[in-house]
Amino acid sequence: MSVHRFKGERTLMRIFIGESDKFDGRPLHEALLDRLRQRGLAGATVLRGVAGFGASARVHGQDLLRFSRDLPLVVEVVETEEAIQAVLPDLDEMIGGGLITLERAGVIMYRPRDVRPSQRELHRIEGLEPEA
Amino acid sequence: MSVHRFKGERTLMRIFIGESDKFDGRPLHEALLDRLRQRGLAGATVLRGVAGFGASARVHGQDLLRFSRDLPLVVEVVETEEAIQAVLPDLDEMIGGGLITLERAGVIMYRPRDVRPSQRELHRIEGLEPEA
Amino acid sequence: MSVHRFKGERTLMRIFIGESDKFDGRPLHEALLDRLRQRGLAGATVLRGVAGFGASARVHGQDLLRFSRDLPLVVEVVETEEAIQAVLPDLDEMIGGGLITLERAGVIMYRPRDVRPSQRELHRIEGLEPEA
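Rules used in this analysis
- Residues numbered from 1 in each chain as written.
- Chains lettered and ligands numbered in written order.
- Predicted model: local features only at pLDDT ≥ 70, side-chain atom pairs only at ≥ 80, totals over all residues.
- Heavy atoms only, no water.
- Helix = DSSP H or I, 4+ residues; strand = E, 2+ residues; numbered from the N terminus.
- Expected span 1.5 Å × (residues − 1).
- Bend = angle between axes of the 7 residues up to and from the residue.
- Buried < 20%, exposed > 50% of the residue type's maximum accessible area, 1.4 Å probe, protein only.
- Contact = heavy atoms within 4.5 Å.
- Least-squares fit on C-alpha atoms with pLDDT ≥ 70 in both.
- Polar contact = N/O pair within 3.5 Å; in protein donor to acceptor, adjacent residues only side chain to side chain.
- Phe/Tyr/Trp six-rings, centres within 6.5 Å; stacked < 30°, edge-to-face > 60°.
- Lys NZ or Arg CZ within 6 Å of the ring centre and 35° of its normal.
- Buried area = accessible area lost by both parts, 1.4 Å probe.
- Salt bridge = Lys/Arg side-chain N within 4 Å of Asp/Glu carboxyl O.
- Pairing = 2+ DSSP bridges.
- Axes fitted to C-alpha atoms, helices over the stretch in contact; angles between N-to-C directions.
- Parallel < 35°, antiparallel > 145°, perpendicular 65-115°, else oblique.
- Left-handed = near helix turned anticlockwise from the far one by under 90°.
- Nonpolar A, V, L, I, M, F, W, Y, C, P; charged D, E, K, R; others polar.

Peer 1: Can you break down helix 3 (residues 81-94) of chain A residue by residue, with the values?
Peer 2: When the terminal C-alpha atoms of helix 3 of chain A are compared, their 20 Å separation across 14 residues agrees well with the 20 Å that a helix rising 1.5 Å per residue should span. Within helix 3 of chain A, the axis deviates most sharply at Leu88(A), by approximately 35°, and proline Pro89(A) lies no more than four positions further along. Buried residues of helix 3 of chain A: Ala83(A), Ile84(A), Val87(A), Leu88(A), Asp90(A), Leu91(A) and Met94(A), and no others. Tucked inside the fold, the buried residues of helix 3 of chain A contact strand 1 (3-18), strand 2 (22-23), helix 1 (28-38), strand 6 (72-79) and strand 7 (98-112) of chain A together with strand 7 (98-112) of chain B.

Printed below as a string of structure tokens:
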């Protein structure tokens, strides 16, 4: 496969919120995705828990798998430390209750050689070393 | 939004088990959530895999997406190192086959200013620094 | 419960790809699971995002929850650093666009005492310390 490979370090940010959390009248996780994209972040993944408690400000009962309307969500972002720090004030503004974890991680990035210009920004490579 | 913000370090514990694992005749992940809550932990999130192998003690076939009855689960907890260490004997008792990972992570915690007393314990802030 | 407990360190590898990514004409995540198992890795878990952008080489619209055919996937593996390094050339060959993160983590492994021989390889314990 014709692919560029880059290697380096990134920060892994994980945002723990609830599915029913809102910002500006709409689901918080949708608002977060839009904001992260507007701010030029390289990508984000939203994982949805099937059960949990305490993720934002609510408690789920034993029957949470069947009845809960507020399942936990985890929004994951892998980015440069600078990009993460630059977007934190937005998160402060948007998140009403929840938790963010920040970790350093080694990273290997694969970028197709024939990537379209509009997609290039999605695989930002600042500070990563190209490999053969 | 009227929110308190705290910053510090926490331990991220991730428990890899199988969806069909049992404890005391009921699903292990439900028993784990109950125990973690009884022990006063601040929160937990259960993620359910759509495929996998070896998560607990079983192997899934190629057709795992369609037929498996034992998909992998990941139970995530972000807590103080002390709270994690205190709950490990419970996990030793309950988990029959599986894996736990433990990592240190930076953390930012958001707590609503108007949080109800019953919810306060869900956002424990020992060792975290309040911010403006 | 009759369980062996082992403690030590492992590498956590997380592979961020898209659900519609292919390898050799079949879904990439299925091909990855097969390859990881063939290479003797101890286990893998595939998590499926409910929303996201930029995970592989595609952008999702605002309506991604309803219409997207390319949701993000995260394939998670907890293994020895040697096993991870040994499988990376396979991943280079198979992944056309995406991201891998690598982190060190403490690990506690539970293995049933009555595990069948065929399952033993699924709970490999090289470099882990047995505990009472």
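Peer 1: So what about the relation of the copies chain A and chain B? Which residues, and what values?
Peer 2: Between the two copies, chain A and chain B, the superposition gives an RMSD of 0.0 Å; the rotation angle is 120° and the shift along the axis is 0.0 Å. One copy is carried onto the other by what is essentially a three-fold rotation axis. Using C-alpha coordinates, one finds that chain A approaches the rotation axis most closely at Leu47(A), a distance of 4.4 Å. The two copies present different faces, since only 11% of the interface residues in chain A are matched by interface residues at the equivalent positions in chain B.

Peer 1: How would you summarise the side chain of Thr11(C) if you had to cite specific residues and measurements?
Peer 2: Residue and element names in this part refer to chain C. Among the structural elements, Thr11 can be located in strand 1 (residues 3-18). The exposure class of Thr11 is buried, given its relative accessible area of 1%. Among the polar contacts listed, one links the side chain of Thr11 to the side chain of Arg104, at a separation of 2.9 Å. Once residues within four sequence positions are removed from consideration, Thr11 is found in contact with Val77, Val78, Glu79, Glu81, Ile84, Leu102, Glu103 and Arg104.

Peer 1: I'd love a proper account of the relation of the copies chain C and chain A, names of residues and values included.
Peer 2: Superposing chain C onto chain A takes a rotation of 120° combined with a translation of 0.0 Å along the rotation axis, leaving an RMSD of 0.0 Å. An asymmetric contact is evident, with only 11% of the interface residues of chain C recurring at the interface of chain A.

Peer 1: How would you explain the packing of aromatic side chains if you had to name every residue and give the values?
Peer 2: Considering all chains together, one arrives at zero aromatic pairs over all chains under this definition. Over the ring of Phe53(A) we find Arg37(B), and its NZ or CZ is 5.4 Å from the ring centre.

Peer 1: How would you sum up the interface of chain A and chain B? Please name residues and give values.
Peer 2: Taken together, the contacts link 38 residues of chain A with 35 residues of chain B. Taken over both partners, the interface formed by chain A and chain B buries close to 2800 Å², and the fraction arising from carbon and sulfur atoms is 61%. For the pair chain A and chain B, the interface holds two salt bridges. Taking the shortest distance from any N to any O, the salt bridge between Asp92(A) and Arg5(B) comes out at 2.7 Å. The interface formed by chain A and chain B includes nine residue pairs in polar contact (both at pLDDT 80 or more). Of all the elements in the fold, those that place two or more residues in the side of chain A that touches chain B are strand 1, strand 2, strand 4 (44-48), strand 5 (51-53), helix 2 (64-67), strand 6, helix 3 and strand 7 of chain A. Per element, the largest residue contribution to the side of chain A that touches chain B is six residues, and it comes from strand 7 of chain A. Across five bridges, the pairing between strand 7 of chain A and strand 7 of chain B is antiparallel. Residue pairing for strand 7 of chain B: Leu99(A) is matched across the bridge by Met109(B).

Peer 1: So what's going on with the packing of helix 1 (residues 28-38) of chain C against helix 3 (residues 81-94) of chain C? Which residues, and what values?
Peer 2: Residues and elements named next belong to chain C. Closest axis-to-axis distance for the helix 1/helix 3 pair is 11 Å, and the angle between their directions is 160°. Here helix 1 lies roughly antiparallel to helix 3, going by the angle between them. In this structure, helix 1 meets helix 3 at a crossing whose hand is right-handed. Between helix 1 and helix 3, the contacting residues are Leu28, Ala31, Leu32, Arg35 and Leu36 on the first element and Val87, Asp90, Leu91, Glu93 and Met94 on the second. Considering only residue class, the contact of helix 1 with helix 3 consists of seven nonpolar, no polar and three charged.

Peer 1: Lay out the interface of chain C and chain A with the relevant residues and their values.
Peer 2: At the interface, 37 residues of chain C touch 35 residues of chain A. Where chain C abuts chain A, roughly 2800 Å² becomes buried across the two surfaces, and 61% of that area is made up of carbon and sulfur atoms. Seen at the junction of chain C and chain A, the total is two salt bridges. Taken together, the connections running from chain C to chain A amount to nine residue pairs in polar contact (both at pLDDT 80 or more). Secondary structure elements with two or more residues in the side of chain C that touches chain A: strand 1, strand 2 (22-23), strand 4 (44-48), strand 5 (51-53), helix 2 (64-67), strand 6 (72-79), helix 3 and strand 7 (98-112) of chain C. Of all the elements, strand 7 of chain C adds the most residues to the side of chain C that touches chain A, at six residues. Looking at the side of chain C that touches chain A, its residues break down into 20 nonpolar, ten polar and seven charged.

Peer 1: Tell me about the pairing of strand 4 of chain C, and name the residues and values.
Peer 2: Burial analysis of strand 4 of chain C places four of its five residues in the buried class, which makes it a mostly covered element. By the bridge criterion, three bridges tie strand 5 (residues 51-53) of chain B to strand 4 of chain C in an arrangement that is antiparallel. Looking at strand 4 of chain C, one finds that Ala51(B) is bridged to Val46(C). As paired elements, strand 4 of chain C and strand 6 of chain C share four bridges and run antiparallel to each other. Bridge pairing in strand 6 of chain C places Val46(C) opposite Val75(C).

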